[in-house]
Amino acid sequence: MNIIVCMKQVPNTNEVRINQETGTLIRDGVPSIINPDDKNALEEALKIRDIHGGKVKVISMGPMQAKNALKEALAMGADEAYLISDRVFGGSDTWATAMILKNAIEYVAKDGGVDIVFCGRQAIDGDTAQVGPEIAEFMDLPQITYTKELKIEGDSVIVTRYTETGDYLLKAKMPVLLTAIKELNNPRYPSFTGIFDAYDKEDKVMVLSNAELDVDLTQIGVKNSPTNVYKSFVPVKEKHNEIINGINDKEKAANLVNVLADLKLI
Ligand SMILES: Cc1cc2nc3c(=O)[nH]c(=O)nc-3n(C[C@H](O)[C@H](O)[C@H](O)COP(=O)(O)OP(=O)(O)OC[C@H]3O[C@@H](n4cnc5c(N)ncnc54)[C@H](O)[C@@H]3O)c2cc1C
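Just so we're clear, the structure is a prediction, and the values are computed from it rather than from any experiment.

K.L.:
How would you explain unusual backbone geometry if you had to name every residue and give the values?
P.N.:
What you tend to see is this: most non-glycine residues have negative phi, and most peptide bonds are trans. Here methionine 174 and proline 175 are connected by a cis peptide whose omega angle stands at 5°. Following the sequence through the fold, proline 175 ends up in the loop between β11 (168-173) and β12 (176-180). Phi is positive for aspartate 214, close to 55°, though the residue is something other than glycine. If you trace the backbone, aspartate 214 turns up in the loop between α6 (210-213) and α7 (221-224).

Right under this line is the structure:
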């Protein structure tokens, strides 16, 4: 069973502030972490590999510092790690990001193929939940999002898919793309030997640029992405209070009813 996990390094959003003038995130000095849903995807991939054999390969597109996330994944038990990094990829939107990741998955899968492409449901910084489904579309793979439980049965996956109105039990033939949610499992801590190996002097993260991936440059980057961020801002929360008066509770209740009726709320 060969599984490729897409992992994004994200700023720890509990500590991110917004620059009120530019509307951009202030990332300086903010620690980065593996996107939480991606850790659930990695944990599930490791569990499956431990039972069924095969390899877990992790890929992340980002700057050189994203190597830290990949090293943490190696320390948790991933077999191979690839950093997708090239200036020409910078500024890509979700569509272009998914196209680059598709080429990266195909490159990494050249050796051994791929049975499951695992993504997180959503990145906590970009927050779109688009990249997983877009990769599936580009690769023409069946996809199941919001994976809450997963079983392997022959050449298929049996997935409990979470929705707000109830769970679905779905079956799909591999190769398949799945997106993970936090209910799927509890990610393991890196082992002592895992940390020792992953942070060894010899760098085990392989860096791939467009020289290897050969993505069509007319489709990616800030200039060619079909969407761009016009503005980002924190909405101002306004509270309006109104005190309902009356000589006794009965009159106060009647006045409240009148106010609600005027607002067409009742
Ligand atoms: C015009 C424009 C310019 C942008 N410029 C930049 C920029 O310069 N730098 C920047 O960091 N962002 C930039 N972004 C944001 C960037 O496009 C998104 O962060 C990225 O496409 C992923 O979208 P998301 O964060 O909403 O991920 P989601 O769709 O919410 O992520 C879902 C899952 O997809 C996978 N995934 C997502 N992104 C990656 C990744 N990079 N590597 C591996 N797996 C991944 C993970 O499994 C993740 O859990 C830009 C966006 C736009 C629109």
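Moving on, there is more to tell.
K.L.:
Any chance you could break down the domain arrangement of the chain for me, citing the residues and the numbers?
P.N.:
When the parts of a complex come together, some accessible area is lost, and that lost area is often used as the size of the interface. Its domain assignment divides the chain into domain 1 (2-224) and domain 2 (236-266). If you average the C-alpha positions of domain 1 and of domain 2, the two centres end up 51 Å apart.

K.L.:
A description of the site of the ligand should follow, citing residues and the corresponding values.
P.N.:
The local shell around the ligand holds 29 residues, among which Lys8, Asp38, Ser92, Ala123 and Thr128 are the closest. Take alanine 123: an N or O atom from its main chain is 2.7 Å from an oxygen atom of the ligand. The backbone of valine 131 places a nitrogen or oxygen atom 2.8 Å from an oxygen atom of the ligand. Elements supplying a minimum of two residues to the shell around the ligand: β6 (55-61), α3 (94-108) and β8 (116-120). Partitioning the shell around the ligand into residue classes produces ten nonpolar, 13 polar and six charged.

What counts, and at which threshold
- Residues numbered from 1 in each chain as written.
- Predicted model: local features only at pLDDT ≥ 70, side-chain atom pairs only at ≥ 80, totals over all residues.
- Heavy atoms only, no water.
- Helix = DSSP H or I, 4+ residues; strand = E, 2+ residues; numbered from the N terminus.
- Domains from an automatic or database assignment.
- Near = heavy atom within 4 Å.
- Polar contact = N/O pair within 3.5 Å; in protein donor to acceptor, adjacent residues only side chain to side chain.
- Nonpolar A, V, L, I, M, F, W, Y, C, P; charged D, E, K, R; others polar.

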